[in-house]
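Listed below, chain by chain, are the residues.
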Amino acid sequence: MPKTHTPLKVIEQAVHLACRAPSYHNSQPWLWEYGDHELRLYVDADRLVSTDGSGRQALISCGAALDHLRVALAAAGFRANVDYYPNPNDHRHLASVTTSTISYVTEAHRRRAEAIWMRHTDRLPLASPPDWLSFERSMRAAVADQPSLVDVLTELDRTDLEEASMLSESLRMYDSAYHQEMHWWTAPFEVSDGIPHAALVSAAESDRVAIGRTFPVTHHRERRLEVPEDRSTVVVISAADDTRRDVLGCGETLSAVLLEATLAGLATGILSHVTEVPASRDIVAELTGRSYPQVLARIGLAPALEDAPVRTPRRPLSDVLHYTTKPS
Ligand SMILES: Cc1cc2nc3c(=O)[nH]c(=O)nc-3n(C[C@H](O)[C@H](O)[C@H](O)COP(=O)(O)O)c2cc1C
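A brief structural summary. (Residues numbered from 1 in each chain as written. Predicted model: local features only at pLDDT ≥ 70, side-chain atom pairs only at ≥ 80, totals over all residues. Heavy atoms only, no water.)

With that out of the way, let us pick up the site of the ligand. In the vicinity of the ligand there are 21 residues, among which R119, T121, R123, S272 and R314 approach most closely. One of the side-chain nitrogen or oxygen atoms of R119 is found 2.9 Å away from an oxygen atom of the ligand. Protein contacts shield 98% of the accessible area of the ligand, which totals 620 Å² for the unbound molecule. Of all the secondary-structure elements, those providing two or more residues to the shell around the ligand are α2 (56-75) and β7 (267-271). Residue classes in the shell around the ligand are distributed as seven nonpolar, 10 polar and four charged. (Near = heavy atom within 4 Å. Polar contact = N/O pair within 3.5 Å; in protein donor to acceptor, adjacent residues only side chain to side chain. Areas by Shrake-Rupley, 256 points an atom, 1.4 Å probe, with all protein chains shown as cover. Helix = DSSP H or I, 4+ residues; strand = E, 2+ residues; numbered from the N terminus. Nonpolar A, V, L, I, M, F, W, Y, C, P; charged D, E, K, R; others polar.)

Below is the structure:
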């Protein structure tokens, strides 16, 4: 495919927007490199969360950033042509992206990019999403090009999911490395990465979301009392095969699901603690009938009249985007 000359400003803005993607503990484990009209995405080995031994959470995070990039470029009038794992000798090189022009940028392209700014991880209880069937139709259309498998859990599956959540937490109760790492990423002094305290929940709030990960608790006035307990619908994203390419694809699918929900006015949260421990992952695998569940999304309704959520920080563009040829 011939490479289109995309203005550098467009590339920089698209990468800036792509980096608003969700990432494991807000670790932002990506590195972008631009040169010769090609943008390359690498997983940054220096930013892996140490308890993410397989690097799975980092791959999912990078996949989400790749899909965000696609959305951002489309809103600027460019199609992203993605070559996955172009270098068989370097598995950190996840994708190379060249661009071609789109004949017309639609309102839908623009709204999807705007959704990137609106999306955030909501850990408070969510009310049940209204008109799920119509949302599910648009969500399935949004992920149709992806190789990942998407399953919606039913109300009946909820007890098993709660059990999986409890099991994963209890199996790691004495895992010092896990808890130390989580405390590090939620320390209050970080300015460009990690999860700020305002985005976490108090013990009482956490009790109202039985399927959520237990983070270090914060102490503040109990919020969203009008939603006494979480009634979100849970979507499970699974890889077709246990390959790096398929796990990366789960991240792209996660991004598509979250943005579609945001566009529909729904709030979202992400759950991966249940897939990190084999015993709880097996429960999720049984619920979905899939061998390789990777990540779950809670989708529901947050009250409209609430204070704007804190925006989680991101690393400066100069840290994450490098140039192989001097930019003009
Ligand atoms: C692969 C992955 C796994 C995640 N796992 C969890 C989780 O188990 N629990 C949770 O509350 N948030 C989880 N998150 C959400 C991140 O903490 C969140 O994306 C990050 O702090 C940035 O905040 P934002 O999503 O509001 O921009 C996960 C995100 C990703 C991409």
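This is not the end of the story, as more comes after the structure.
Tracing the backbone shows P129 in the loop between α3 (107-118) and α4 (132-142). Looking at P129, the relative accessible area reads 7%, which means it is buried. (Buried < 20%, exposed > 50% of the residue type's maximum accessible area, 1.4 Å probe, protein only.)

To continue, consider the environment of R158. Relative to the helices and strands, R158 resides in helix α5 (residues 158-171). The class for R158 is buried, based on a relative accessible area of 11%. Considered as a pair, R158 and R110 are 48 residues apart in the sequence and their alpha carbons are 36 Å apart. The contact partners of R158, leaving out residues within four places of it in the chain, are I211, D230, S232 and V234. Among the polar contacts made by the side chain of R158, one reaches the main-chain carbonyl oxygen of S232 at a distance of 2.9 Å. (Contact = heavy atoms within 4.5 Å.)

What follows covers the nonpolar core. Core analysis: the largest hydrophobic core is formed by 58 residues, its most contacted members being W30, W32, L39 and L69. Among the elements that line this core, the one with the most residues is α2, at 11 residues. Among the nonpolar cores identified, the runner-up in size contains 12 residues, and I211, L271, V274 and I283 belong to it. (Core = buried A, V, L, I, M, F, W, Y, C linked by side-chain atoms within 4.5 Å.)

What follows is about the sheet that holds strand β9 (residues 321-323). The five strands are arranged β3-β4-β2-β1-β9 in an open sheet whose pairing can be described as mixed. Two strands bound the open sheet, and with one partner strand each, they are β3 (78-84) and β9. Strand-to-strand twist in this sheet, taken as the mean axis angle between neighbours without regard to direction, amounts to 25 degrees. Across the sheet, α2 is in contact with β1 (30-35), β2 (38-43), β3 and β4 (93-101); its angle to β3 comes to roughly 150 degrees. (Pairing = 2+ DSSP bridges. Axes fitted to C-alpha atoms, helices over the stretch in contact; angles between N-to-C directions.)

Before going further, it helps to examine the packing of α2 against α3. Across the interface, α2 lies against α3 with an axial gap of 8 Å and an inter-helix angle of 135 degrees. When the axis of α2 is compared with that of α3, the two are oblique. Note that α2 runs across α3; the crossing there is left-handed. Residues H68, V71, A74 and A75 of α2 form the contact with α3, whose participating residues are H109, R110, R112, A113 and I116. Looking at side-chain class alone, the contact of α2 with α3 contains five nonpolar, two polar and two charged residues. (Parallel < 35°, antiparallel > 145°, perpendicular 65-115°, else oblique. Left-handed = near helix turned anticlockwise from the far one by under 90°.)

Once that is clear, we can look at the packing of helix α1 (residues 8-18) against α2. Axis separation between α1 and α2 bottoms out at 8 Å; the angle between their running directions is 135 degrees. Judged on the interaxial angle alone, α2 and α1 are oblique. The handedness of the crossing between α1 and α2 comes out as right-handed. Each of V10, A14, V15, L17 and A18 in α1 lies in contact with α2, whose residues at this interface are A65, H68, L69, A72 and L73. Residue classes in the contact of α1 with α2 are distributed as nine nonpolar, one polar and no charged.

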